[in-house]
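Take a look at the letters that make up each chain.
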Amino acid sequence: MSIPFSSTELSNDLLTNLASLGYNEMTEIQAQSLPLMLQGKDVIAQAKTGSGKTAAFGLALLHNLKVERFRVQALVLCPTRELADQVAVEIRKLARAIHNIKVLTLCGGAPMGPQIGSLEHGAHIIVGTPGRVEEHVRKNRLSLAELNTLVLDEADRMLEMGFEEPLERIVADCPSERQNLLFSATYPKKIEQLVSHIMTEPVKVEVKSTH
Ligand code: ADP
Ligand code: MG
């Protein structure tokens, strides 16, 4: 069964832009997770690679965003620089309809100087890897005081890569009142511990692979 994005609470600007991107119907994981996220719930979403998870959380965080408030309101953490870059590209596409949204990537392995300069200019949305984001937070270059959406993308891989400690330190700097979204292709036992520290009564949705 296909469900159009227009059945959700998304703004007309976002809907028009989705149509221009050729995103007409929601993928299965989007249909299952987006309505819950738009209600403000903490959501754990599990579905295989290529199922449209980025747009699911991207639309949810854009829905929450106040453009006129030029503060970091959403943080997306990814396991690698390549994935963070892909997520930033997708969020910028989804945000095209809303003018002047600033998305900044902060990844390890990239030179520090330009990141520090960009942080001085500010951003609405940060996409980055846990180690580097934690370093900017620790050195008071990045304030998460006004964060309202925290996304852990490919959480299984972040744990595999040993990002647990920086993740926990970043979370400690986030306001306690926030929406938490966790996206993953697999759901190993190890994630549950992280979830119990980070999320509040999360709803879990899962799209099972057919093969
Ligand atoms: P995942 O994170 O689950 O691996 P992605 O978010 O990278 O998947 O999405 C895979 C591809 O599907 C991307 O190229 C994206 O542009 C496309 N896509 C996402 N949602 C839709 C949709 N509703 N309709 C059409 N294409 C979509
Ligand atoms: Mg993904």
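Because the structure is predicted, anything quoted here is derived from the model rather than measured.

A. Representation of the overall build of the protein chain within the structure. When you go through the protein chain residue by residue, the secondary structure sums to 9 helices and 7 strands. Taken over the C-alpha trace, the protein chain has a radius of gyration of 16 Å; the compact-globule value for 211 residues is 17 Å, and the two agree within 12%. Taken along its principal axes, the extent of the C-alpha atoms in the protein chain is 50 × 40 × 30 Å. Burial analysis of the protein chain (211 residues in total) assigns 40% to the buried set. Put simply, of all contacts in the protein chain between residues at least 6 apart along the chain, 73% involve residues at least 24 apart.

B. Fine view of the nonpolar core. Ranked by size, the top nonpolar core spans 56 residues in total, and within it L75, L77, V127 and V151 carry the most contacts. The element that contributes the greatest number of residues to this core is helix α3 (residues 53-64), accounting for 7 residues. When sequence neighbours within four positions are dropped, the list of residues in contact with L75 reads I126, L144, L147, L150 and V151.

C. View of the packing of α3 against helix α4 (residues 81-94). The N-to-C vectors of α3 and α4 enclose an angle of 55 degrees; their axes lie 10 Å apart at closest approach. Between α3 and α4, the crossing angle belongs to the class labelled oblique. Crossing angle aside, the handedness with which α3 passes α4 is right-handed. Residue-level inspection shows T54, A55, G58, L59 and L62 of α3 in contact with α4, the latter providing V87, E90, I91 and L94. When its residues are assigned to classes, the contact of α3 with α4 shows 6 nonpolar, 2 polar and 1 charged.

D. Local environment of the site of ligand 1. Neighbouring ligand 1 are Y23, M26, T27, Q30, A47, T49, G50, S51, G52, K53, T54 and A55. Looking at the shell around ligand 1, the element that brings in the most residues is α3, giving 3 residues. The class makeup of the residues in the shell around ligand 1 is 4 nonpolar, 7 polar and 1 charged.

E. Layout of the sheet that holds strand β6 (residues 179-184). Read across the sheet, 7 strands follow the order β3-β4-β2-β5-β6-β1-β7 without closing on themselves; strand pairing throughout is parallel. Strands at the two margins of the open sheet, each flanked by one partner only, are β3 (103-106) and β7 (203-206). When the angles between neighbouring strand axes are averaged without regard to direction, this sheet yields 15 degrees. Note: strand β1 (residues 43-46) against β6, 4 bridges, orientation parallel.

F. Helix α1 (residues 12-20), seen in detail. Among the residues making up α1, those that are buried are L14, N17 and L18. Seen along its axis, α1 keeps its buried residues to an arc of 105 degrees; they face one direction. Among the exposed residues of α1, those pointing more than 90 degrees away from its buried face are N12, T16 and S20. Taken together, the buried residues of α1 touch α3 and α4. Two residues or fewer past α1, G22 is found with a positive phi of approximately 80 degrees.

G. Representation of the UniProt feature "short sequence motif: Q motif" (unreviewed entry) in the protein chain within the structure. Feature annotation in UniProt places "short sequence motif: Q motif" (unreviewed entry) on residues 3-31, given in this structure's numbering. End-to-end, the C-alpha atoms of residues 3-31 are 7 Å apart, and along that stretch the chain is 45% helix and 0% strand.

H. Quick peek at the packing of helix α8 (residues 164-172) against helix α9 (residues 189-198). At their nearest, the axes of α8 and α9 sit 11 Å apart, and the two run at 10 degrees to each other. As judged from the angle between their axes, α8 and α9 are roughly parallel. Note on packing geometry: the crossing formed by α8 with α9 is right-handed. Contacts between α8 and α9 pair E164, L167, E168 and V171 from the former with L194, H197 and I198 from the latter. Of the residues belonging to the contact of α8 with α9, the class tally is 4 nonpolar, 1 polar and 2 charged.

Analysis parameters
Residues numbered from 1 in each chain as written. Chains lettered and ligands numbered in written order. Predicted model: local features only at pLDDT ≥ 70, side-chain atom pairs only at ≥ 80, totals over all residues. Helix = DSSP H or I, 4+ residues; strand = E, 2+ residues; numbered from the N terminus. Rg over C-alpha atoms; globule rule 2.2 N^0.38 Å. Buried ≥ 20, exposed ≤ 12 C-beta atoms within 10 Å, placed from the backbone. Contact = placed C-beta atoms within 7 Å. Core = buried A, V, L, I, M, F, W, Y, C linked by C-beta atoms within 7 Å. Axes fitted to C-alpha atoms, helices over the stretch in contact; angles between N-to-C directions. Parallel < 35°, antiparallel > 145°, perpendicular 65-115°, else oblique. Left-handed = near helix turned anticlockwise from the far one by under 90°. Nonpolar A, V, L, I, M, F, W, Y, C, P; charged D, E, K, R; others polar. Near = placed C-beta within 6 Å. Pairing = 2+ DSSP bridges. Arc of directions from axis to C-beta. UniProt positions renumbered as here; feature names shortened; annotations may be inferred.

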